[in-house]
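Observations on the three-dimensional arrangement
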Amino acid sequence: MQERLAKQLEFVLEIDRLKGILRRTRIADGSRRENSAEHSWHLAMMAMTLAEHAPVGTDVARAIEMLLVHDLVEIDAGDTFAYDSDANLDREEREVRAAERVFGLLPAEQGARFRALWDEFEGGASPEARYAVALDRLQPFLLNARAEGGTWRTHAVRLAQVRRRMEPIRHAMPEVWPVVERSLAEAVERGWLAS
């Protein structure tokens, strides 16, 4: 039992490093960049808040579990900016290596369970994963829209790129899609997003 607890505590301390991984997205007031731990917490809260818009039959608690583990790989792999095509070339390879190490810190069956949640999120096939992925796309979208274009403006992101990235929302949360469309139109109109 002591060895099991030691592994769990090692994991708990290791994942504290997620607080130091800065994302490109700024928080809603634009004052600073968010970190990956804040992002994961925000997504978990969104999953609870927007549960009525989840795909039919979604186990929201399971989706929250996915959201809490999905970015732990960034401890080793770093945060890869969604609109940086070069950085995304080896993202999957880096993240798989990171998943093996980070989840491998836990006792075997617990590490396997967390890794399965991560794999399910990455696969995007279950209702829970589709919901979690849609929220993962929606959260930075909302922050960029609130921050007058945020990273879209900084990195000259185009409308087609954002629309393509937001597709999981259209399919998993169709009631939310009109909000995305309106925000995209406003972003283009205000010059925050190039058309």
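Calculation notes
- Residues numbered from 1 in each chain as written.
- Predicted model: local features only at pLDDT ≥ 70, side-chain atom pairs only at ≥ 80, totals over all residues.
- Heavy atoms only, no water.
- Helix = DSSP H or I, 4+ residues; strand = E, 2+ residues; numbered from the N terminus.
- Rg over C-alpha atoms; globule rule 2.2 N^0.38 Å.
- Buried < 20%, exposed > 50% of the residue type's maximum accessible area, 1.4 Å probe, protein only.
- Contact = heavy atoms within 4.5 Å.
- Areas by Shrake-Rupley, 256 points an atom, 1.4 Å probe, with all protein chains shown as cover.
- Lys, Arg positive; Asp, Glu negative; His and termini not counted.
- Charge placed at Lys NZ, Arg CZ, Asp CG, Glu CD.
- Core = buried A, V, L, I, M, F, W, Y, C linked by side-chain atoms within 4.5 Å.
- 1 Å grid on protein atoms, 1.4 Å probe; cavity = no way out; pocket = protein on both sides within 12 Å on 5 of 7 lines; lining within 4 Å.
- Points joined across faces, edges and corners; volume = space filled by probe spheres on them.
- Phe/Tyr/Trp six-rings, centres within 6.5 Å; stacked < 30°, edge-to-face > 60°.
- Salt bridge = Lys/Arg side-chain N within 4 Å of Asp/Glu carboxyl O.

Next up on the list: the overall build of the protein chain. Across its full length, the protein chain carries 12 helices and two strands. Secondary structure of the protein chain in N-to-C order comes out as α-β-β-α-α-α-α-α-α-α-α-α-α-α. Over its C-alpha trace the protein chain gives a radius of gyration of 17 Å, about what one expects of a compact globule, namely 16 Å for 195 residues. By its C-alpha atoms, the protein chain is 60 × 35 × 30 Å across when sized along the principal axes. A total of 195 residues make up the protein chain; the buried ones form 45% of that total. Taking as baseline every contact in the protein chain between residues at least 6 positions apart, the subset at least 24 positions apart corresponds to 68%. Carbon and sulfur atoms provide 53% of the accessible area of the protein chain, an area that totals close to 10,200 Å². Each charge sign in the protein chain was given a centre, from 27 positive and 33 negative side chains, and these centres are 4 Å apart.

The next subject is the nonpolar core. By size, the foremost hydrophobic cluster in this structure holds 54 residues, and its most contacted members are Phe-103, Trp-152, Val-162 and Ile-169. If one sorts the elements of this core by residue count, helix H8 (residues 127-146) sits on top with nine residues. Those residues in contact with Trp-152, other than ones at most four positions away along the chain, are Tyr-83, Phe-141, Asn-144, Ala-145, Val-157, Val-162, Ala-187, Trp-192 and Leu-193.

Its boundaries defined by the atoms lining it, the largest pocket holds a volume of some 560 Å³. Per-element tally for the lining of the largest pocket: the top contributor is H8, with six residues.

This part is about the packing of aromatic side chains. Applying the stated rule across the entire model yields three aromatic pairs. Ring centres of Phe-11 and Phe-114 lie 5.7 Å apart, and the angle between their planes is 65°; this geometry places the pair in the edge-to-face category. Residue Phe-11 is located in helix H1 (residues 2-15), and its partner Phe-114 is located in helix H7 (residues 108-123); the two are separated by 103 residues in the primary sequence. The class of Phe-114 is buried, set by a relative accessible area of 17%.

Moving on to the pattern of salt bridges. By the definition in use, this model includes 19 salt bridges. Ionic pairing is found between Arg-32 and Glu-38, a salt bridge with its closest N-O pair at 2.7 Å. Look at Arg-32 and you get partly exposed, because its relative accessible area is 38%. Classification of Glu-38 as partly exposed rests on a relative accessible area of 26%. A single salt-bridge network, built from bridges that share partners, covers Glu-14, Arg-17, Asp-76 and Arg-101.

Further remarks concern unusual backbone geometry. For Glu-148, which is not a glycine, the phi torsion comes out positive at approximately 55°. Here Glu-148 lies in the loop between H8 and helix H9 (150-154).

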